[in-house]
Amino acid sequence: MTHALITGGAGFIGSHLAERLLAHGYHVTIIDNLSTGRIANLAAIEQHPKLRIAIEDIRNTNVMDRLVSECDVIFHLAAAVGVQRIISEPIETIETNIGGTEVVLKTARRYRKKVLIASTSEVYGKGIRFPFQEDDDSVLGSTARSRWSYAASKMVDEFLALAYLKETGLPVVIFRLFNTVGPRQSGQYGMVVPRFVRWAIEGEPIMVYGDGQQQRCFGNVIDVVKAIHLLSEAPGAVGQVFNIGSSEEVTIQQLAERVRERAGSRSEIKLIPYDEAYEAGFEDFRRRVPALGKIKAVVQWEPTTPLNDTIDQIIAYQREEKQHGGN
Ligand code: UDP
């Protein structure tokens, strides 16, 4: 049976992927330095006989060498994530995202193991043509704005992965995750949906940044990990870049209203200028929508969970966490 190594496997998306792969009979090894990941994310599978967990940084080359030699396929999800965190810790973002991926690819090459690389819709930058197609141009802002370091670091990861394929024949697959949400996502690093849910449950003001008219598509993590799994098993996906996300658009103002309504909350909705929310000169995206034709053609995958269901799942999860003193 296939043995998967998941870097960042104790994170929000990694932990859901681990659950899915175990449910499909895989052996799973997780490596995670718990920077944003949490052991609590693995509560449902911690005791699973086919799961191993290494609490380590992926830049530890000795550990990576051993783990990669023992697996069949690598899912590289470990990264510094979250807009708030990227702005407050830009060195860590750049060094982890580039240095970590370098170790993963070098080690994978040594043992000739297939690698799936997590990238991000941020690489489209300020794209103006919707929806974003995988071969569209990237339009990033100035290096003086640290937000763009995340997109740039992930672009280097993509270049490097494709270079390994070209020069050494290493089988790589790149997937660009659009806004992904669901139970276990933390609001601590800036992600909007868990933050809104938390404020709604607590009856605190829901803080909408900018004018609230910016639009996003929020994909459910269960749909997303299914897409990643399918891509890993499709020979036709090798050497390709795929968008993964939802195409259901919502403005952030509408999102705030929906969360408030579904949580039965009376929180006030407050507009906060970007400069106050992040830093002076912060650049946000007005709109971000994935083109999903390519992934549909290769693995017949389409997102199926409506945003309202996802919001309800997150509300239920946070209420449960609150009851047990967690979060
Ligand atoms: N946002 C907000 N309130 C918050 C956090 C985020 O209004 O407490 C906005 C943010 O400015 C952006 C959108 O919600 O326009 C999505 O933010 P997130 O950080 O979740 O993802 P992004 O799409 O920016 O990567």
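Procedures and definitions
Residues numbered from 1 in each chain as written. Predicted model: local features only at pLDDT ≥ 70, side-chain atom pairs only at ≥ 80, totals over all residues. Heavy atoms only, no water. Near = heavy atom within 4 Å. Polar contact = N/O pair within 3.5 Å; in protein donor to acceptor, adjacent residues only side chain to side chain. Areas by Shrake-Rupley, 256 points an atom, 1.4 Å probe, with all protein chains shown as cover. Helix = DSSP H or I, 4+ residues; strand = E, 2+ residues; numbered from the N terminus. Pairing = 2+ DSSP bridges. Axes fitted to C-alpha atoms, helices over the stretch in contact; angles between N-to-C directions. Contact = heavy atoms within 4.5 Å. Salt bridge = Lys/Arg side-chain N within 4 Å of Asp/Glu carboxyl O. Parallel < 35°, antiparallel > 145°, perpendicular 65-115°, else oblique. Left-handed = near helix turned anticlockwise from the far one by under 90°.

Asker: Looking at this structure, I do not really get the site of the ligand. What am I missing?
Answerer: Neighbouring residues of the ligand: 20 residues in total, closest Arg 195, Tyr 209, Arg 216, Asp 284 and Arg 288. In this structure, an oxygen atom belonging to the ligand sits 2.8 Å away from a main-chain N or O atom of Val 192. Contacts to the ligand include Tyr 278, whose side-chain N or O atom sits 3.2 Å from an oxygen atom. Across the complex, the protein chains shield 95% of the 520 Å² of accessible surface that the ligand would expose by itself. For the shell around the ligand, the secondary-structure elements that each account for two or more residues are helix 6 (192–202) and strand 8 (206–209). It is helix 6 that provides the largest number of residues to the shell around the ligand, a total of four residues.

Asker: Can you help me understand the sheet that holds strand 2 (residues 27–32) in this one?
Answerer: Consider a sheet: its strands pair through backbone hydrogen bonds, and that pairing is either parallel or antiparallel. Taking strand neighbours across the sheet as the criterion, the seven strands line up as 3-2-1-4-5-6-11 in an open arrangement whose pairing is parallel. On the outer flanks of this sheet lie strand 3 (51–55) and strand 11 (241–244), each paired with one strand and no other. Taking each pair of neighbouring strands and ignoring which way they run, the sheet shows an average axis angle of 20 degrees. Packing against the sheet, helix 1 (residues 12–23) makes contact with strand 1 (3–7), strand 2, strand 3, strand 4 (73–76) and strand 6 (172–177), and its axis sits at approximately 170 degrees to strand 1.

Asker: Even after reading the chapter, I still don't get the pattern of salt bridges, so can you show me in this structure?
Answerer: Pairing is possible between side chains of opposite charge, provided their charged atoms come close. Under the counting rule described, the total for this entry stands at 22 salt bridges. A cluster of three or more residues bridged by salt bridges with shared partners is formed by Glu 122, Arg 147, Arg 216, Asp 284 and Arg 288.

Asker: Whenever I open this one, the packing of helix 8 (residues 252–262) against helix 11 (residues 307–323) confuses me. Can you help?
Answerer: Helix packing for two helices is described by the angle between their axes and how far apart those axes are. Where helix 8 meets helix 11, the closest approach of the two axes is 10 Å, and the angle between their N-to-C directions is 55 degrees. Classified by the angle their axes make, helix 8 and helix 11 are oblique. Handedness of the helix 8/helix 11 crossing: right-handed. Between helix 8 and helix 11, the contacting residues are Leu 255, Arg 258, Val 259 and Arg 262 on the first element and Leu 307, Asn 308, Ile 311, Asp 312 and Ile 315 on the second.

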